[in-house]
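# Coordinate analysis (summary)
The lines below spell out each chain.
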Amino acid sequence: MNSPFGQFNETVIGWSPLADLSETEDTYSIDIDLPGVNQEDIDIQLHGNLFTVSGELKQKERKGLLRHRTRRVGQFHYQVQLPDKVDGDKVEAELNDGVLSVTIPKSETSKPKRITIKGS
């Protein structure tokens, strides 16, 4: 699937969590729904401007017969190619109430700059 932010890759192993991606002048913000996923079961990587989150939602041990299940379990993967260069050293991630919030600052070289014209 394509978007103004690049190409989303939803055809990888497992399932892809729901996510919102927004952009400001200085950063990209990504909120990913990961209810029930433990922090230690999440892997976040940034290779250049390719952002990837993967991990596993582990199935709870159950007693008795499971008659019906609609909740997702197992491996998940979310990936997006960001359109500009980013500063990988200043990425911040936080997991609260089942939502992984990641802030990725843009690189200084990718920020828009106003050019002034000098008079003669």
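Preceding this section is the structure that the text describes.
What this report covers is the structure whose coordinates are included nearby.

Rules of the game
Residues numbered from 1 in each chain as written. Predicted model: local features only at pLDDT ≥ 70, side-chain atom pairs only at ≥ 80, totals over all residues. Heavy atoms only, no water. Core = buried A, V, L, I, M, F, W, Y, C linked by side-chain atoms within 4.5 Å. Buried < 20%, exposed > 50% of the residue type's maximum accessible area, 1.4 Å probe, protein only. Helix = DSSP H or I, 4+ residues; strand = E, 2+ residues; numbered from the N terminus. Pairing = 2+ DSSP bridges. Axes fitted to C-alpha atoms, helices over the stretch in contact; angles between N-to-C directions. Patch = residues over 30% accessible without salt bridge, like charges linked within 9 Å, V, L, I, M, F, W, Y side chains within 5 Å. Areas by Shrake-Rupley, 256 points an atom, 1.4 Å probe, with all protein chains shown as cover. Salt bridge = Lys/Arg side-chain N within 4 Å of Asp/Glu carboxyl O. Lys, Arg positive; Asp, Glu negative; His and termini not counted. Charge placed at Lys NZ, Arg CZ, Asp CG, Glu CD.

### Observations concerning the nonpolar core
- Counting 19 residues, the largest nonpolar core has I30, I32, F51, V53, Y78, L82 and I104 as its most contacted members.
- If you list the elements that add at least two residues to this core, you get β4 (27–33), β6 (50–57), β7 (74–81) and β9 (99–105).

### Topic: the sheet that holds β4
- Taken in spatial order, the 4 strands line up as β3-β4-β9-β8 in an open sheet, and their pairing is antiparallel. Of all the strands in the sheet, just β3 (19–23) and β8 (92–96) have a single pairing partner and so form its edges. Here the strands of the sheet are splayed against their neighbours by 15° on average, with no regard to which way each runs.
- Sheet topology note: the β4/β9 ladder contains 7 bridges and is antiparallel.

### Some details on unusual backbone geometry
- With a phi close to 55°, D97 is a non-glycine residue in the positive phi region.
- Position of D97 among the secondary structure elements: in the loop between β8 and β9.

### Re the environment of E40
- Looking at the element boundaries, E40 is found in the loop between β4 and β5 (42–47).
- Spatially, the C-alpha atoms of E40 and G55 are 8.9 Å apart, while their sequence positions differ by 15 residues.

### Some points on a positive patch on the surface
- Taken together, the side chains of K60, R62, R69 and R71 make up a positively charged region of the molecular surface.
- Positionally, R69 belongs in the loop between β6 and β7.

### Notes on the pattern of salt bridges
- For the coordinates displayed, the defined rule picks out 4 salt bridges.
- Between K106 and E23 there is a salt bridge; the shortest N-O distance is 2.5 Å. On the criterion of sequence distance, the pair formed by K106 in the segment after β9 and E23 in strand β3 is long-range, its members being 83 residues apart.
- The exposure class of K106 is buried, given its relative accessible area of 7%.
- For D87, the salt bridge goes to K90, with nearest N and O atoms at 3.9 Å.
- A relative accessible area of 22% places D87 in the partly exposed class.

### Let's talk about the sheet that holds β6
- Ordered in space as β5-β6-β7, the 3 strands form an open sheet in which the pairing is antiparallel. Two strands in the sheet have a free side with no partner beyond their single neighbour: β5 and β7. Strand-to-strand twist of the sheet, defined as the mean angle between neighbouring strand axes without regard to direction, takes the value 10°.
- Taken together, the 8 bridges between β6 and β7 define a ladder with antiparallel strand orientation. Each residue of the ladder has a partner; that of E56, found in β7, is Q75.

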